[in-house]
Amino acid sequence: MTIDTRSLGFGSGERAIFAADPWSSRGRLFPEGGSLTRSEFQRDRDRIVHTTAFRRLKHKTQVFIGVDGDHYRTRLTHTIEVAQIARALARALKVDEDLAEGVALVHDFGHTPFGHTGEDALDEMLKPYGGFDHNAQSLRIVTKLERRYADFDGLNLTWESLEGLVKHNGPMMTKAGEGIKGPVPQPILDYCEIHDLELASFASLEAQVAAIADDIAYNTHDIDDGLRSGFLTLDMLEDVPFLAGMMREVRDRYPNLEPSRFAHEIMRRQITHMVEDVIGVAQERLAKLKPQRAEDIRGADQAVATFSTEMAETDRQIKRMLFSRIYHHPDIMRIRAGAADIVCDLFRAYMVAPQEMQSHYWVSQMPDLSEAARARHVGDYLAGMTDTYAVKAHQRLFDRTPELR
């Protein structure tokens, strides 16, 4: 059966003139033919969803270790929530929803087991060899480590998706080539030697909405999970004026609401207010910038999709509360210490005996590699682990494994 491509919508509605255009993409590192039924950004999104790295997010920690309960967010559920908010923002601003969703879905691929604790521990182990950065690891996964296609390693994503992955939080270096937040991770610099992602400019508006969607999602669901765990109470939320105002609103409208529904009513209002704030700021900045193409967004002197001054202060207040009440709580810190020990123990063990990395495709070549190259492969192997796999690997190699609860 033949397909009349002229009647296909490719999931696209009206796009703004400054939206990234999938029909004028800068292309892929390895040229490929187009699809009859999907745009280039739809193909990127689909490739991301079908990866091993995406499935592993199911058993990777967001804040609470999986053994704490079935209803806490994992990296996967967090990623899905980020993608939903990113699509809503992209639709409101009339930019490409598929590109925004793809960047949201791939943004956490490089995270280690046990959340930021695992990343900090692995970075410490890899310090003599260039360190570890989860964003750079995400790039390694989609350009090198995923082994699915006959013609290339990685996913061969479009330039726009890779740019969004690497720069969704803003430019990484100055026009003079200096790192803005310290040295640019070497894997990113190495890739840019063969496929320049223009690290001194902003990313597309699609990538920017994915980045701010990440902030909105975890601010909200970390409060929700904190209330579920007992580390947060509703009284503690009163310390943030923004949250206190929404609590008064909910109490006035629903005076006898049960606690679980009360908490949800606060969370949904929080997301709505933050999304609407970002849309309002973006509309104001677009009106001033008057971009005529996507490159005008990249060349702007500030991000377009961001919080207002007032909402940015609320964001800081929420983060301070989360750090003091949850992330740095003594019980959480004790669990984090055990998780860090697991990562460090495994790194040392695999450096001495790389054959213990039973499923790593490079294991037969490891003895012939330099120490630095061996360390990077050990880092790749560890970063790819889920929480459950890391615990089982530690139990197999060591007599005692820290209890993560």
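Every chain is numbered on its own, with residues counted from 1 as its sequence reads. Owing to the predicted nature of the model, reporting of local features is limited to residues with pLDDT of at least 70; listing and counting of side-chain atom pairs is limited to 80 or more, with chain, interface and lining totals taken over all residues. Processing note: side-chain calculations cover all non-hydrogen atoms of the structure and skip hydrogens and water entirely.

As recorded in an unreviewed UniProt entry, the protein chain goes by the name Deoxyguanosinetriphosphate triphosphohydrolase-like protein, listed as coming from Neorhizobium huautlense. UniProt positions are given in the numbering used here, feature names are shortened, and annotations may be inferred rather than shown by experiment. According to the UniProt record, the Sequence similarities (unreviewed entry) comment for the protein chain is "Belongs to the dGTPase family. Type 2 subfamily."

Asks: Before we go on, may I ask you to explain the overall build of the protein chain in this structure?
Replies: Every helix listed is a DSSP run of H or I at least four residues long, and every strand listed is a run of E at least two residues long, numbered separately from the N terminus. Within the protein chain, the secondary structure is distributed over 17 helices and zero strands. Reported as C-alpha extents along the three principal axes, the dimensions of the protein chain are approximately 60 × 55 × 55 Å. Summary of the burial criterion: residues with accessible area below 20% of their type's maximum are buried, those above 50% are exposed, and those between are partly exposed, where the area comes from a 1.4 Å probe applied to protein chains only. Here the protein chain, with 405 residues, has 54% of them falling under the buried criterion. The contact rule is simple, with two residues in contact once any of their heavy atoms fall within 4.5 Å. Counting contacts in the protein chain only where the partners sit at least 6 residues apart, residues at least 24 apart contribute 72% of the total. Residue exposure ignores everything except the shown protein chains as possible cover, and the areas themselves are Shrake-Rupley values with a 1.4 Å probe. Carbon and sulfur atoms make up 50% of the accessible area of the protein chain, which totals about 19300 Å². In the protein chain, 50 positive and 62 negative side-chain charges are present, and the distance between their average locations comes to 2 Å. Charge assignment in this entry is limited to Lys and Arg as positive and Asp and Glu as negative, and neither His nor the chain termini are counted. The atom standing in for a charge is NZ when the residue is Lys, CZ when it is Arg, CG when it is Asp and CD when it is Glu.

Asks: Sorry, what's going on with helix 4 (residues 97-106) here?
Replies: Three or four residues apart is the spacing at which side chains of an α-helix point the same way, because the helix has 3.6 residues per turn. Among the 10 residues of helix 4, 10 are classified as buried, and the element is accordingly described as predominantly covered. Of the positions making up helix 4, those classed as buried are Glu97, Asp98, Leu99, Ala100, Glu101, Gly102, Val103, Ala104, Leu105 and Val106. If you follow the buried residues of helix 4, they end up packed against helix 1 (40-49), helix 2 (52-56), helix 3 (75-93), helix 6 (134-145), helix 7 (159-167) and helix 9 (205-229). For this analysis, a polar contact is any N or O atom pair within 3.5 Å, provided that within protein one partner can donate a hydrogen and the other can accept it, and provided that sequence-adjacent residues contribute only side-chain to side-chain pairs. Capping of helix 4 at its N-terminal end is provided by Asp96; its side-chain oxygen lies 3.0 Å from the backbone amide nitrogen of Asp98.

Asks: Any chance you could explain the packing of aromatic side chains here in plain terms?
Replies: Think of a pair of aromatic rings as described by two things: how far the centres are apart, and how the planes are tilted against each other in angle. Two aromatic rings, drawn from Phe, Tyr or Trp (for Trp, its six-membered ring), form a pair once their centres lie within 6.5 Å of each other, and the interplanar angle then sorts them: stacked below 30 degrees, edge-to-face above 60, tilted otherwise. Evaluation of the coordinates by the stated rule reveals five aromatic pairs. Plain terms: the ring middles of Phe54 and Phe109 are 6.5 Å apart, the flat faces sit at 50 degrees to each other, and that makes the pair tilted. Highlighted residues: Phe54 in helix 2 and Phe109 in the loop between helix 4 and helix 5 (115-125), separated in sequence by 55 residues. Accessibility classification places Phe54 together with Phe109 in one group, the buried group.

Asks: Sorry if this is basic, but what is going on with the pattern of salt bridges here?
Replies: Where charged atoms from two side chains of opposite charge approach closely, those side chains can pair. When a carboxyl oxygen of Asp or Glu is within 4 Å of a side-chain nitrogen of Lys or Arg, the pair counts as a salt bridge. Counting across every chain of the model gives 39 salt bridges. Asp98 is the salt-bridge partner of Arg87, the closest N and O atoms lying 3.5 Å from each other. Of this pair, Arg87 sits in helix 3 while Asp98 sits in helix 4, placing them 11 residues apart in sequence. By relative accessible area, Arg87 is classed as partly exposed at 21%.

Asks: I keep staring at unusual backbone geometry and nothing clicks. Help me out?
Replies: Glycine aside, a negative phi is what most residues show, and trans is what most peptide bonds show. Even without being a glycine, Lys94 presents a positive backbone phi close to 60 degrees. Checked against the element boundaries, Lys94 lands in the loop between helix 3 and helix 4. The phi dihedral of Asn156 is positive, around 55 degrees, even though this residue is not glycine. Position of Asn156 relative to the elements: it lies in the loop between helix 6 and helix 7. For Asn156, a relative accessible area of 5% puts it in the buried group.

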